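Here is what each chain is made of, one letter per residue.
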Amino acid sequence: EITGAVADPRDIYSQTRVLLVPSRWESFGRVAVEAGASGIPVIASPNPGTIEALGDAAIYVSYDDVDGWIEAIERLLFFVKKFPTNTQMSKEIPG
């Protein structure tokens, strides 16, 4: 679901299992930082903004690597089923 800008994203994050940021370029990964702070695993393209914002706290896949995105999403969704709470997921998902 695309909601556009929201004043308080906590309700949306509470319903989110994985955040995908397949951008060619980000000046700063604010949404990714907010999601990560909420315990949501992040898959992002390795551009300067997301790397600066997330460091080692994300799985990075080139924006144009379709197979890599599929593999990363499948791996995370497996762990979402295995560890159903966001706190457990963020501690257990291998990079």
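Predicted model only: the values in this text are computed from it and were never measured.

Participant: Would you explain the overall build of the protein chain in this entry?
Facilitator: Assigned secondary structure in the protein chain consists of five helices and three strands. Along the protein chain, helices (α) and strands (β) appear in the sequence α-β-α-β-α-β-α-α when read from the amino end. Among the 95 residues that make up the protein chain, the fraction classed as buried is 34%. Contacts in the protein chain between residues far apart in sequence, at least 24 positions, make up 38% of those at least 6 positions apart. For the protein chain, the accessible area works out to roughly 6,300 Å², and carbon and sulfur atoms hold 54% of it.

Participant: Hey, could you run me through the pattern of salt bridges in this one?
Facilitator: Where charged atoms from two side chains of opposite charge approach closely, those side chains can pair. For the coordinates displayed, the defined rule picks out two salt bridges. For arginine 10, the salt bridge is made with aspartate 8, and the minimal N-O distance between the two is 2.7 Å. For arginine 30, the salt bridge identified is with glutamate 34, shortest N-O distance 3.0 Å. Here the residue arginine 30 and the residue glutamate 34 both occupy positions in helix H2 (residues 30–37), the gap between them amounting to four residues, near one helical turn. Judged by its relative accessible area of 23%, glutamate 34 falls in the partly exposed class.

Participant: Would you mind showing me how to read the confidence of the model for the protein chain here?
Facilitator: Caution applies to low-pLDDT regions: their predicted coordinates should not be interpreted in detail. Looking at the protein chain, the pLDDT average stands at 81 and 81% of residues meet or exceed 70. Within the protein chain, strand S3 (residues 59–60) carries the highest mean pLDDT (93), whereas helix H5 (residues 86–92) carries the lowest (46). In this model residues 86–95 is a low-confidence stretch, pLDDT under 50, and it forms 24 contacts with partners more than four residues away in sequence or in other chains.

Participant: Any chance you could explain the environment of serine 38 here in plain terms?
Facilitator: Among the secondary structure elements, serine 38 is positioned in the loop between H2 and strand S2 (42–44). Residue serine 38 is classed as partly exposed on the basis of its relative accessible area, which comes to 33%. C-alpha of serine 38 to C-alpha of tyrosine 13: the two residues are 25 residues apart in sequence and 7.0 Å apart in space.

Participant: Can you walk me through the environment of isoleucine 12 in this structure?
Facilitator: If you trace the backbone, isoleucine 12 turns up in helix H1 (residues 10–14). On a C-alpha basis, the gap between isoleucine 12 and alanine 35 in space is 9.6 Å, while along the polypeptide they are 23 residues apart. If sequence neighbours within four positions are ignored, isoleucine 12 has contacts with Thr3 and Val6.

Definitions and limits used
Residues numbered from 1 in each chain as written. Predicted model: local features only at pLDDT ≥ 70, side-chain atom pairs only at ≥ 80, totals over all residues. Heavy atoms only, no water. Helix = DSSP H or I, 4+ residues; strand = E, 2+ residues; numbered from the N terminus. Buried < 20%, exposed > 50% of the residue type's maximum accessible area, 1.4 Å probe, protein only. Contact = heavy atoms within 4.5 Å. Areas by Shrake-Rupley, 256 points an atom, 1.4 Å probe, with all protein chains shown as cover. Salt bridge = Lys/Arg side-chain N within 4 Å of Asp/Glu carboxyl O. pLDDT = per-residue confidence, 0-100.

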